[in-house]
Amino acid sequence: MDKLLIKGGVPLVGEVAISGAKNAALPIICASLLCGDTLNLSNVPRLQDVSTMLRLLGRMGVAVADGDGALALDSRGLDQPLAPYELVKTMRASILVLGPLLARCGEAKVSLPGGCAIGARPVDQHIKGLQAMGAEIRVEGGYVLAQARRLKGTRIVTDMVTVTGTENLMMAATLAEGETVIENAAREPEVVDLADCLTAMGARISGAGSDRICVQGVDRLHGARHAVMPDRIETGSYLCAAAATRGDIVLTHTSAALLDAVIDKLREAGCAIDCRPGAIALKAPPRLKPVSVRTAPYPAFPTDMQAQFMAIDCVAEGSAVIRETIFENRFMHAVELIRLGADIRIDASNAVVTGVPMLDGAMVMATDLRASASLVIAGLVARGETLIERIYHLDRGYERIEEKLTRLGADVRRVR
Ligand code: EPZ
């Protein structure tokens, strides 16, 4: 398995372009299942998760033409509404095919995603919402078996805010009979990007970005062109890497409007941040001030940035509290950061981080996508060499990471 070898202590300086958003591209690729035309996508990030999703759709009979960052998806030949375990277990976002398959084909057999490192990650809200729309769903042999002649619009209130749950139900509702109202809907920008793409395909959606989304069902959707939005978590991750290393960077092809809460916290930590049209510039202070964060659904501080902020708090001047409210087990990066010399005490869903003057490089192991990003940040700031194992986690969500970091002056290389 690949490893990443980082020689720390080098401030990140320079300019890199941010890629398209993984968590927008994945549901938008699934939206191609809803119409028998071609969906043309651009600014698609080249990531492991995207390749897995394209492989999954290819197995179903979708024609995939994959250019550099551009995709043409044609599900005219869709004839196998099945998402098998061996693919779904590697990427839980595969559950996003359930709603579109049910709406387009009237049936779907989708493997339950199973848990992942950060938590149980159930999909009960996806199932509950589709059942409310008239689907007959049973779970058997680790698979969700769903059938519906035609879904019927209805009012759905999810028990908690769920991003992919909202996306699955919104996609299913586009072809349902009548109006569907999703209350307690996720407000993430990726939900809005999906709604924009569905609207371009002929769907009738209002309220995306609010906690109440209304969808008027139509008989069919058509092909469209859509550019995937920038990745706000990749953006935040590079901002944190520059903040931790006393860096001075500019990120292009991104937008500060996507991550207000993160930018506010980085300013609180002492970074000078200049938001320009399509770009963000960050100049770090000589020493960061500690910042406490509490994760919550958008527009609050995103759980996908929690691990990265734990890394910067490790070298800040003082103590901070990090509270994770979304996932039950999203502190696994803490024990790895402690191996680098960090001072972190975990108490249930709270982590108390006390900054140390310096971290020391060591061998560490990535456990999930954003945990691996926090280890990269810590490795960039640590004295000496840090070797990060299991970086396949990183490759799921960060396009060409060593190329982008090298461009910013980091001493990093991939070792087989
Ligand atoms: C999405 O996951 C993202 N993934 C995650 O990003 C992100 O961390 C998460 O939203 C929260 O923002 C994609 O968009 C592909 P949820 P999702 O449903 O939709 C519970 C990354 O790093 N829940 O919003 O799976 C759930 O257990 C990934 O890119 C249920 O109980 O998350 C969690 O505690 C990691 N039942 C909470 O709700 C359900 O049916 C929020 O989960 C659904 C969710």
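Data block above holds the structure.
Keep in mind that what you see is a predicted model, and the values were worked out from it rather than measured.

### Digging into the overall build of the chain
What the chain contains, in helices and strands, is 14 helices and 24 strands. Taking the principal axes of the C-alpha coordinates as reference, the chain spans close to 65 × 40 × 40 Å. Relative to its 416 residues, the chain shows a buried fraction of 58%. In the chain, the share of contacts with a sequence separation of at least 24, taken over all contacts with a separation of at least 6, comes to 73%. When the accessible surface of the chain is split by element, carbon and sulfur atoms take 50% of a total near 15,700 Å². Here the chain contributes 46 positive and 48 negative side-chain charges, whose respective centroids are spaced 1 Å apart.

### Overview of the sheet that holds strand β6 (residues 82-83)
Read across the sheet, four strands follow the order β6-β7-β9-β8 without closing on themselves; strand pairing throughout is mixed. Unpaired on one side and paired on the other, β6 and β8 (136-140) mark the two borders of the sheet. With five bridges connecting them, strand β7 (residues 107-111) and strand β9 (residues 143-147) associate as antiparallel partners. Considered in β9, the bridge of Glu107 is made with Gln147.

### Re empty space enclosed by the protein
Rolled over the atoms, a probe as big as a water molecule pinpoints where empty space is left. On inspection of all chains with the given rule, the structure shows two cavities of 30 Å³ or more. Put simply, the largest cavity is a space of about 70 Å³. Looking at the largest cavity, the residues that line it are Ser237, Tyr238, Ala241, Ala373, Val376, Ile377, Tyr398, Ile401 and Leu405. At the level of elements, α8 (232-244), α12 (369-381) and α14 (401-407) are the ones that each hand at least two residues to the lining of the largest cavity. Considered as a void within the structure, the second largest cavity measures approximately 30 Å³ in volume. Every residue along the wall of the second largest cavity is listed here: Arg232, Leu258, Leu259, Ala261, Tyr298, Pro299, Ala300 and Pro302. Within the lining of the second largest cavity, the residues separate by chemical class into seven nonpolar, no polar and one charged.

### A closer look at the sheet that holds strand β21 (residues 350-354)
Strand order in this open sheet of four strands is β18-β19-β21-β20, and the pairing throughout is mixed. If you trace the sheet from one side to the other, it starts and ends with β18 (293-294) and β20 (343-347), each paired once. Examined bridge by bridge, β18 and strand β19 (residues 319-323) share two bridges and lie parallel to one another. By the bridge assignment, Val293 is partnered in β19 with Ile322.

### Topic: the layout of surface pockets
Computed from the structure, the second largest pocket encloses a volume of approximately 280 Å³. Together, 20 residues line the second largest pocket, and Ala244, Thr245, Arg246, Met358 and Val381 are the ones closest to its centre. Looking at the lining of the second largest pocket, the elements with two or more residues in it are α8 and α12. Residues of the lining of the second largest pocket, tallied by class, amount to 15 nonpolar, two polar and three charged.

### With respect to the nonpolar core
Counting 147 residues, the largest nonpolar core has Val97 and Leu266 as its most contacted members. Ignoring sequence-local partners within four residues, the contact set of Leu266 consists of Leu239, Cys240, Ala243, Cys271, Ile273, Leu282, Phe309 and Ile312.

### Details of the pairing of β21
For a regular strand, side chains alternate in direction, first toward one face of the sheet and then toward the other. In β21, alternate side chains face the same way, and those of Ala351 and Val353 are buried while those of Asn350, Val352 and Thr354 on the opposite face are not. With five bridges joining them, β19 and β21 adopt antiparallel strand pairing. Paired with Ser319 across the strands is Thr354, a residue of β21. Counting the residues in the hairpin turn of β20 and β21 gives two residues, including Ala348, whose phi is positive at 55°.

### Describing the pairing of strand β23 (residues 385-389)
Both strand β1 (residues 3-7) and β23 contribute to a ladder of four bridges, which runs antiparallel. Across the sheet, Leu4 pairs through a bridge with Ile388, a residue of β23. Across three bridges, the pairing between strand β22 (residues 363-365) and β23 is parallel. Residue Met363 lies in a different strand from β23, and its bridge partner there is Leu387. Between the parallel elements β22 and β23, the chain passes through α12 in a crossover that is right-handed.

### Overview of the pattern of salt bridges
Across all of its chains, the model carries 26 salt bridges by this definition. Arg416 is the partner of Asp2 in a salt bridge, and the nearest nitrogen-oxygen pair spans 2.5 Å. Taken together, the residues Asp2 in the segment before β1 and Arg416 in the segment after β24 (411-415) connect sequence positions 414 residues apart. Judged by relative accessible area, Arg416 falls into the exposed class, the value being 75%. Through salt bridges with shared partners, one network takes in Asp2, Asp395, Glu402, Arg414 and Arg416.

### A short note on the environment of Arg204
You can see Arg204 is positioned in strand β12 (residues 204-206). Ignoring sequence-local partners within four residues, the contact set of Arg204 consists of Cys214, Val215, Gln216 and Val218.

Here is what the cut-offs are and how they apply
Residues numbered from 1 in each chain as written. Predicted model: local features only at pLDDT ≥ 70, side-chain atom pairs only at ≥ 80, totals over all residues. Heavy atoms only, no water. Helix = DSSP H or I, 4+ residues; strand = E, 2+ residues; numbered from the N terminus. Buried < 20%, exposed > 50% of the residue type's maximum accessible area, 1.4 Å probe, protein only. Contact = heavy atoms within 4.5 Å. Areas by Shrake-Rupley, 256 points an atom, 1.4 Å probe, with all protein chains shown as cover. Lys, Arg positive; Asp, Glu negative; His and termini not counted. Charge placed at Lys NZ, Arg CZ, Asp CG, Glu CD. Pairing = 2+ DSSP bridges. 1 Å grid on protein atoms, 1.4 Å probe; cavity = no way out; pocket = protein on both sides within 12 Å on 5 of 7 lines; lining within 4 Å. Points joined across faces, edges and corners; volume = space filled by probe spheres on them. Nonpolar A, V, L, I, M, F, W, Y, C, P; charged D, E, K, R; others polar. Core = buried A, V, L, I, M, F, W, Y, C linked by side-chain atoms within 4.5 Å. Right-handed = clockwise from strand over helix to strand, strands pointing away. Salt bridge = Lys/Arg side-chain N within 4 Å of Asp/Glu carboxyl O.

It is worth stressing that arrangement in space is one thing and function is another; only the former is reported here.
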